[in-house]
Amino acid sequence: MDDKRNMITAILLSVAILIGWNFVSEKFFPTPDKPDVTKTVAGPNGAAPAATPGQPAALPAPGVPATAPQAIRTIEAVLADGNRIPIDTPAIKGSINLVGARVDDITLSKYRQTIKKDSPAVRLFAPAGTKAAYFASIGWSAQGIVVPGATTVWTASGTKLTPSTPVTLSWANTTGQTFRIEYSIDDDYLITAKQTIANTGTTPVAVRSGTYIDRTGKPTDPHEQDSWTIHVGPTGYLDGKSNFTNYDEVEEAANGTVSYTAAGWLGFTDKYWLAAVIPAKGEKVSAAFNALPGGAYRAAFARDLVEVAPGKQVTTTSRVFAGAKEVSTLSHYQDDQGITRLSNAIDWGWFEFFEVPIFKLLDWLFGQLHNFGVAIMVLTLIIRALMFPIAQRQFGSMAQMRLVQPKMKALQERYKDDKQKQQQELMKLYKDEKINPLAGCLPIVIQIPIFYALYKVLMLTIEMRHQPFILWIRDLSAPDPLHILNLFGLLPFTPPSILSIGILAVILGITMFLQFRLNPQATDPVQQQVFKIMPWLFMFIMAPFAAGLLLYWITNNILSIAQQQWMYRKFPALKAAPAK
């Protein structure tokens, strides 16, 4: 009767853990169920925002067309309209729209939407009038004079924007003011715009300049939503600290505006991509995030009002980051360009001090070995080597438990009808034999932050995206694609995440089972049953996680088994000790 009760208790505990963990993992540890592709859902028309409410102090209006909203067209159709200056660098391809001087066409040459060889490059910016408009603009505002807007047609001094050939756009109104934007770009993702207003009129004019990013819609991929572990949405270095705002907070704010008195940079982040506007180093600006009609959002900064006397000109410098959140590139801009805490566009979280070294070591190993899966295995070996003294202490505690198991069983038999007395005698036995039953848990406790750091590295860093291992594992940042339940893809359905058991998950369960077999048997019957079920429970729990995490855990289990076997061969009496 007791055995049946123990078994039922163990099963109920296991089911509770399995169901509970599935909920927790979906909420706090999201993993992509297929190779990543950036998607957004557009607002009603996909055009430029139809109004300019809640701008930060002194922000110029974006010059929204006064005409009716455009019909949605394909990106190819909009780009075919012409009036564009091509952008061509080693990292990005695209164009600047001479209508409105917008940077509204950016694709990232080094990154593909999926792991397929013919997959198109990731598109970051798209022009107004398309389903998911996303673009950067440079502008002015003033009273008493006409300033360029969204329908202004600029004149270009060059034919292509490249790292070696800047392009200057110019436009003049009828009252003597000439506006110029000199665009330049580096080899990576930073566009620099020098804004100049020259006053050749007869009276002073007061103007202010600013830069902004408009985005229509939000990412639709469920794993591209803002979560406890991965921030997606408005972000920046604002009012002297890193800021992580979400879209809902902007929508719910008064007038749909969240304002700041100072900004180092601000924009919108996805898991792997960032679009941000950046003032000149040390420049004082005001900034805001806005929720606009039509499901659009804006990140903007503006400078103070300045007076331009007749015969004078004023030049300001803005920068636009539009690209992938590569750790080395963000750090370069942060350190060499003075863009404060730009590296925090990657949401490392509270454990940045631990996650960054893990990333740097893993990235270095990948550079040496040229296989990310092998790099994970070598990283695991290094971690195991560093933890060897602790693991030896754990093994010593396990060995001591084995040695006293006959005494523990005798106590359990003697006091089987008095559980309280049984526990008291067991505690006395531990004290007499100088055994700490919790010592074996220390390596597991240490593994938790390592596992979490590796999880964040795999999920957040673009360097790990779409990295293959061997055979069917073509993306270690995504779950194992071969599911046993649908016969490895032969059956036309995708199992739910809790049942998506792949080959790696089965190997994980087997290695954990073998590892548990080498551990001393628990004295409590319920614990015995739970430990028997635990390896297969973890097989279900870990199956939806990134393949790289399973590879790490499998490698760690194999190394643990090897270490235990070595210790048993070295001290054979330990293995024989529990025998009656």
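My aim in this report is to walk through the structure given alongside it, one point at a time. Because the structure is a prediction, the values reported are computed rather than measured.

What to know about the overall build of the protein
Looking only at helices and strands, one finds 13 helices and 21 strands in the protein. For the protein, buried positions account for 51% of its 580 residues. Sequence-distant contacts, at least 24 apart, represent 68% of the contacts inside the protein between residues at least 6 apart. Split by element, the accessible area of the protein, about 26,500 Å² in all, is 61% carbon and sulfur.

Looking at the environment of Thr174
Relative to the helices and strands, Thr174 is located in the loop between β8 (167-172) and β9 (177-185). Taking the C-alpha atoms as reference points, Thr174 and Ile145, separated by 29 residues in sequence, lie 8.8 Å from one another.

As for helix α8 (residues 419-433)
The end-to-end C-alpha distance of α8, which contains 15 residues, comes to 21 Å, matching closely the 21 Å that a straight helix rising 1.5 Å per residue would cover. Positive phi appears at Lys434, one or two residues downstream of α8, with a value of about 55°.

Thoughts on the side chain of Thr461
Tracing the backbone through its elements, the reader meets Thr461 in the loop between α9 (442-460) and α10 (503-518). On the basis of relative accessibility, which here comes to 0%, the residue Thr461 falls in the buried class. Of note is the side chain of Thr461, whose polar atom sits 2.4 Å from the backbone oxygen of Val457. Excluding residues that lie within four positions of it along the chain, Thr461 makes contacts with Tyr272, Val327, Trp348, Phe359 and Lys456.

A few points about helix α4 (residues 327-336)
Within α4 the residues assigned to the buried category are Val327, Thr329, Leu330, Tyr333 and Gln334. At its buried positions, α4 is contacted by β10 (190-199), β21 (313-324) and α5 (352-369). Gly338 occupies a position one or two residues after α4 and carries a positive phi of about 70°.

Topic: the packing of aromatic side chains
Inspection of the entire model under this criterion finds 20 aromatic pairs. Taken together, Tyr247, Tyr260, Phe268, Phe289 and Tyr297 form an aromatic cluster joined through their ring pairs. If you follow Arg298 out to its NZ or CZ, it ends over the ring of Tyr212, 5.4 Å from the centre.

Points about the pairing of strand β13 (residues 233-238)
Counting buried positions over the six residues of β13 gives six, a clear majority of the element. The pairing of β13 with strand β16 (residues 263-269) spans six bridges and is classified as antiparallel. Bridge pairing in β16 places Gly236 opposite Leu266. As judged from the four bridges shared by β13 and strand β14 (residues 241-244), these two strands associate in the antiparallel manner. By the bridge assignment, Leu238 is partnered in β14 with Lys241. The turn joining β13 and β14, which pair antiparallel and follow one another in sequence, is formed by two residues; a positive phi near 50° is taken by Asp239.

Focus on the sheet that holds β16
Here we have nine strands laid out as an open sheet, ordered β7-β8-β9-β10-β21-β17-β16-β13-β14, and antiparallel in their pairing. Each edge of the open sheet is held by one strand with a lone partner, namely β7 (155-156) and β14. With six bridges joining them, β8 and β9 adopt antiparallel strand pairing. Across the sheet, Leu169 pairs through a bridge with Ile181, a residue of β9.

Details of the side chain of Asp104
Looking at where Asp104 falls in the secondary structure, it is placed in strand β4 (residues 102-112). Owing to a relative accessible area of 1%, Asp104 belongs among the buried residues under this scheme. A polar contact of 2.7 Å, which involves the side chain of Asp104, links it to the side chain of Arg84. Discounting residues that sit within four places of it in the chain, Asp104 has contacts with Arg84, Ser95, Asn97, Phe125, Ala126, Pro127, Tyr134 and Phe135.

Things to note about a nonpolar patch on the surface
On the surface, Trp350, Phe351 and Phe353 cluster together into a nonpolar patch covering about 460 Å² of accessible area. Position of Phe353 relative to the elements: it lies in helix α5.

Notes on the pattern of salt bridges
The full count for this structure, using the stated rule, is ten salt bridges. A salt bridge links Asp105 to Arg123; the nearest nitrogen and oxygen atoms lie 2.8 Å apart. Remark: Arg123 occurs in strand β5 (residues 121-125) and Asp105 occurs in strand β4; sequence separation between them is 18 residues. Residue classification places Asp105 among the buried positions, given a relative accessible area of 7%. The exposure class of Arg123 is partly exposed, given its relative accessible area of 25%. For Glu283, the salt bridge goes to Arg303, with nearest N and O atoms at 2.5 Å. On the criterion of sequence distance, the pair formed by Glu283 in the loop between β17 (273-279) and β18 (286-292) and Arg303 in the loop between β19 (296-302) and β20 (306-308) is long-range, its members being 20 residues apart. In this structure, a network of salt bridges that share partners links the residues Asp88, Lys93 and Lys160.

Details of the packing of α5 against helix α6 (residues 372-386)
For the pair α5 and α6, the least separation of the axes is 8 Å and the interaxial angle reads 125°. Regarding the angle of α5 to α6, the classification is oblique. Once α5 is placed against α6, the crossing between them reads as right-handed. Taking contact as the criterion, the partners of Ile358, Leu361, Leu362, Leu365, Phe366 and Leu369 in α5 are, on α6, Phe372, Val374, Ala375, Ile376, Val378, Leu379 and Ile382.

Conventions adopted
- Residues numbered from 1 in each chain as written.
- Predicted model: local features only at pLDDT ≥ 70, side-chain atom pairs only at ≥ 80, totals over all residues.
- Heavy atoms only, no water.
- Helix = DSSP H or I, 4+ residues; strand = E, 2+ residues; numbered from the N terminus.
- Buried < 20%, exposed > 50% of the residue type's maximum accessible area, 1.4 Å probe, protein only.
- Contact = heavy atoms within 4.5 Å.
- Areas by Shrake-Rupley, 256 points an atom, 1.4 Å probe, with all protein chains shown as cover.
- Expected span 1.5 Å × (residues − 1).
- Polar contact = N/O pair within 3.5 Å; in protein donor to acceptor, adjacent residues only side chain to side chain.
- Phe/Tyr/Trp six-rings, centres within 6.5 Å; stacked < 30°, edge-to-face > 60°.
- Lys NZ or Arg CZ within 6 Å of the ring centre and 35° of its normal.
- Pairing = 2+ DSSP bridges.
- Patch = residues over 30% accessible without salt bridge, like charges linked within 9 Å, V, L, I, M, F, W, Y side chains within 5 Å.
- Salt bridge = Lys/Arg side-chain N within 4 Å of Asp/Glu carboxyl O.
- Axes fitted to C-alpha atoms, helices over the stretch in contact; angles between N-to-C directions.
- Parallel < 35°, antiparallel > 145°, perpendicular 65-115°, else oblique.
- Left-handed = near helix turned anticlockwise from the far one by under 90°.

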